[in-house]
Amino acid sequence: VLFTEFSFIFIFLPITLAVYYWLPEGRQRLVAIIVASIVFYSAWNIYFLPMLLFAIISNYLIAVQLHKSGNKGWFYLGLVVALTPIVYFKYSGLFIHTAGIDIDTGFFGEKLGSLLPLGISFYTFQQITYLTDVYGRRNEPGRFVDYAFFKLFFPQLIAGPILHYNQLVPQIGQPVDRERLFAEGTVYFLIGFIKKFFLADGFAAYSDPIYDGTDPVTTQMALIATLGYTFQLYFDFSGYSDMALGLARMFGFLLPWNFDSPYKARSISDFWRRWHMTLSRFLRDYVYIPLGGNRYGEISRYRNLILTMLIGGLWHGAAWTFVLWGGLHGLGLAINHLWNRFVGIRLFGLGWVLTFIMVALLWVLFRATSFERAMDIYRGLIAFEPLDGDRFWWWALAGAAITFLMPNSHRIVEFVSERMRLPAGFSITRLAPRLGVYAALSSLVLYGAAYAYYTTDLDRVAYRHLTAPQYASGMDNRSGDFRNNLWSKQLFAEDETRIMLAGSSFTSDTGNFQLLRDEQRIAVSDTFGMGGNGIMNGLRAIASVANERQADIFIVGISPLNFGITVKSMPFPGECLDVVEPEFAANGYEFPVRPLGACNALPSQPSSYLSVLDANRNGGVFQFKNFIRNIALSPTQNPLLLKSLQLNGLPGRLDDIVVKFDRMRQSQVLIRNTENGSDQRFNWRSRKIIESLSKDEISYDALKILKEIVRKSGGVLVAYETPTVAHSDAPHIYPEGFFEEYQSRMTVVLAELGIPYLDLSRILPWNGAAMRDFIHPELSIRPLIHEILLAWIFDPEALRQAGIVDPAKVPDIPGIEEVLR
Amino acid sequence: MKALRRIGEFAIFLTVFLIAFGLYQMPDTPTKFIYYNF
């Protein structure tokens, strides 16, 4: 859960506050916070919860033994136990990748080093501070409940500030002005929210494409990248810290500051006193001083500074760019000290300018995903080309004004707090429980609306008339087939030619559109669910439609991602179970069921409605959210892109597509949402994709079963290869030769099974680096793919002549004429 | 009177809640935290 998410602000927080203040003061409140924090952590990924709990319990038990015996051995054991997980998850990948080896973690075919338990970097440090403080007799191990609270207290659990036991636990049970703290906390939270949600993400929109692209970098771009990220990172991280401080205050606790206007710093050491202050202190106390600090003369002092910052750099991320970034900061600190010692002239304004420039320049290294890209940006900066007008400069001006001139959040909170007069009789212990009840009731209203939507015909009506307003936007849902419930309903009118399209999210959107061909109405019901979740999702959807004989033509989009070991892991919840199970049994398969998050998110299970509350996350009840969004957008809604398509004019439209593709080839498409680059995390080989496509293997049989289900329904099944990248376009995604091998295998399999196969894999102007992912909202690719597919079905000759794909590779579709009547 | 005030409070909360929910559905809402595509 992120602090900016809807479900956090409007549900988790008020309910937690309510329970907290409803309980009498004392241990119960701590337990309430601990439970809430565990829920908070698990909401991200419950699989890592046992690890967190193990870390907490082992750390505590060792600290107790350490305190009892005073034996240094316990201390070292504690360090090893605390550090092992972070070394395994965060750093092993770095060294293994550097050595050029990929190791399968056993988790969903992910590579070692690509899975990182949430907050591990922070809670590991907290474990070390605790152990050291117990060892140094700065505090007792304390009660377990206090200790668990210190470790788990959710405002600081995943991104700091890094706390000492003594900074938090002594505050338990202290009399404080809760009402004032609560009001201050709200102000803090609001400031943090604005920083993170509006400012940080606003800057990211400018700088991300430059860091993630491969374009040559002009001076203008380099400046945007450098300044944009400098402000983005500050607003992001300090905003997050403000929110953490605010949340803690809402519960009556003070957390240490983490930022104190760092961009106003007048020297590098001043900067590190103001930036991520709790980390700087940690590094000083637990790395720099144990290394010897400044006790052994000047030379060792500078060595220790640089070493400390190297380690600090590595802590920020497991990549050599971070190490270099830390090392250079260490060097800066050393020069800073040397200057003070031997020159000693105070620079005033110049010191501030130099510090800001150095910090900003080094952020480039921090942000860039490779040395090469960082160098591109540095080269751009020193090319000194003339600059153009750009809206970014206004953003930069605003960022500069805020960070250089404005008082920081602590001063603002202080200022407000001094002048604030709370209303008489205002009591947080009375208000919080009410807010919690309101939040719970409001959630019920929303839950009820979602439930009503899915259990009445409203979803069908909305689906037919209100979906797919913009094919080009909002594609952030990649969960399971959220329309499972719809497939058992009559989606098409009786007199339509009924086409079901189950593509990957790259080429499909949710929606239903109608077209005309020779006065015959054609309806296409589009879904995704074939994507990263494996072919079983699409199979399930098709199975339930075919079983009810609801469609005539089934088009499935496939890609390598659909196949391999994930096929085995796909469960079939809901009504299509009875369709698919016998088919699998007939092929000698035990029914393959293994719980996997994505597929549990089905509206047919009441529990999954809960995800409707989590608006910012991929959820199973996406259709309902889409519905809400369409209502919100309705005044400006675009007309359906394909609604007016007259298929009779198809050849001309295909010419347009050729032009559009050409235009795409010439333009650099920059993708903002680079977090979607998950495909590069897959260990393609270990998924055994190609092997599983051999006869009598699971993926082969899944396709065979799909064909069989459709044949029984009297429909026609065709497949197309989803536009995809190959090694030559995107070596960071596919191993060499993988895609070609997959494709030739797939061609043979589908020919054997008698499923016509249209290869659209190479249709796009891939630029592997700029298009790091399969999901590219800006490309507006979906309507083009739809038109090509419809052309294949209704007028293959026109498609052959259009020259979009190799004419020899546009197969005829046997039996299509009968289906089309 | 007190009950009326509570109902009023809830109405305000629900309104803010629903508007915020709607706003979070807008296409440009930042969605920085994305699950891995398992």
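Further up the page is the structure itself.
The structure displayed is predicted, hence computed values, not measured ones.

Thresholds, definitions, all that
Residues numbered from 1 in each chain as written. Chains lettered and ligands numbered in written order. Predicted model: local features only at pLDDT ≥ 70, side-chain atom pairs only at ≥ 80, totals over all residues. Heavy atoms only, no water. Helix = DSSP H or I, 4+ residues; strand = E, 2+ residues; numbered from the N terminus. Buried < 20%, exposed > 50% of the residue type's maximum accessible area, 1.4 Å probe, protein only. Contact = heavy atoms within 4.5 Å. Areas by Shrake-Rupley, 256 points an atom, 1.4 Å probe, with all protein chains shown as cover. Pairing = 2+ DSSP bridges. Salt bridge = Lys/Arg side-chain N within 4 Å of Asp/Glu carboxyl O. Polar contact = N/O pair within 3.5 Å; in protein donor to acceptor, adjacent residues only side chain to side chain. Axes fitted to C-alpha atoms, helices over the stretch in contact; angles between N-to-C directions. Parallel < 35°, antiparallel > 145°, perpendicular 65-115°, else oblique. Left-handed = near helix turned anticlockwise from the far one by under 90°. Nonpolar A, V, L, I, M, F, W, Y, C, P; charged D, E, K, R; others polar.

Engineer: It is not clear to me how the overall build of chain A should be interpreted in this structure. Could you clarify?
Structural biologist: In terms of regular secondary structure, chain A is built from 30 helices and 6 strands. Put simply, chain A has 821 residues, and 60% of those count as buried. Contacts in chain A between residues at least 24 apart in sequence constitute 79% of all its contacts with a sequence separation of at least 6. Accessible surface for chain A amounts to roughly 32,100 Å². Of this, 61% is attributable to carbon and sulfur atoms.

Engineer: Would you mind showing me how to read the pairing of strand β1 (residues 497–503) of chain A here?
Structural biologist: Residues and elements named next belong to chain A. Counting buried residues along β1, 7 of its 7 residues qualify, which places the element largely inside the surrounding structure. On β1, burial covers both faces: T497, I499, L501 and G503 on one face and R498, M500 and A502 on the other are all buried. Bridging between β1 and strand β4 (residues 553–558) involves 4 bridges; their strand directions are parallel. Opposite A502, over in β4, you have V556 as the bridge partner.

Engineer: Mind showing me how you'd approach the pattern of salt bridges here?
Structural biologist: Two side chains with opposite charge may pair up if their charged atoms get near one another. Tallied over the full model, the rule gives 23 salt bridges over all chains. Bridged by salt links that share partners, the residues A:D270, A:R273 and A:R274 form one connected network.

Engineer: Is there a simple way to think about the side chain of A:S207 in this case?
Structural biologist: Residues and elements named next belong to chain A. Structurally, S207 is set in helix α8 (residues 178–212). Taking the relative accessible area as the measure of exposure, S207 reaches 0% and is therefore buried. Of note is the side chain of S207, whose polar atom sits 3.4 Å from the side chain of Q232. Every residue in contact with S207, bar those within four places of it in the chain, is listed here: I224, A225, G228, Y229 and Q232.

Engineer: Could you clarify how one ought to interpret the packing of helix α9 (residues 219–250) of chain A against helix α16 (residues 391–405) of chain A in this entry?
Structural biologist: The relative placement of two packed helices is expressed as an angle between their axes plus a distance between the axes. All names here are of chain A. The interhelical angle for the contact between α9 and α16, taken along N-to-C directions, is 40°, at an axis separation of 10 Å. Our classification of the angle between α9 and α16 gives oblique. Helix-helix and strand crossings are classified by hand; for α9 and α16 the assignment is left-handed. Here Q220, L223, I224, L227, G228, F231, Y234 and F235 of α9 come into contact with α16, specifically with F392, W393, A396, G399, A400, I402 and T403. In the contact of α9 with α16, the residues fall into 11 nonpolar, 4 polar and no charged.

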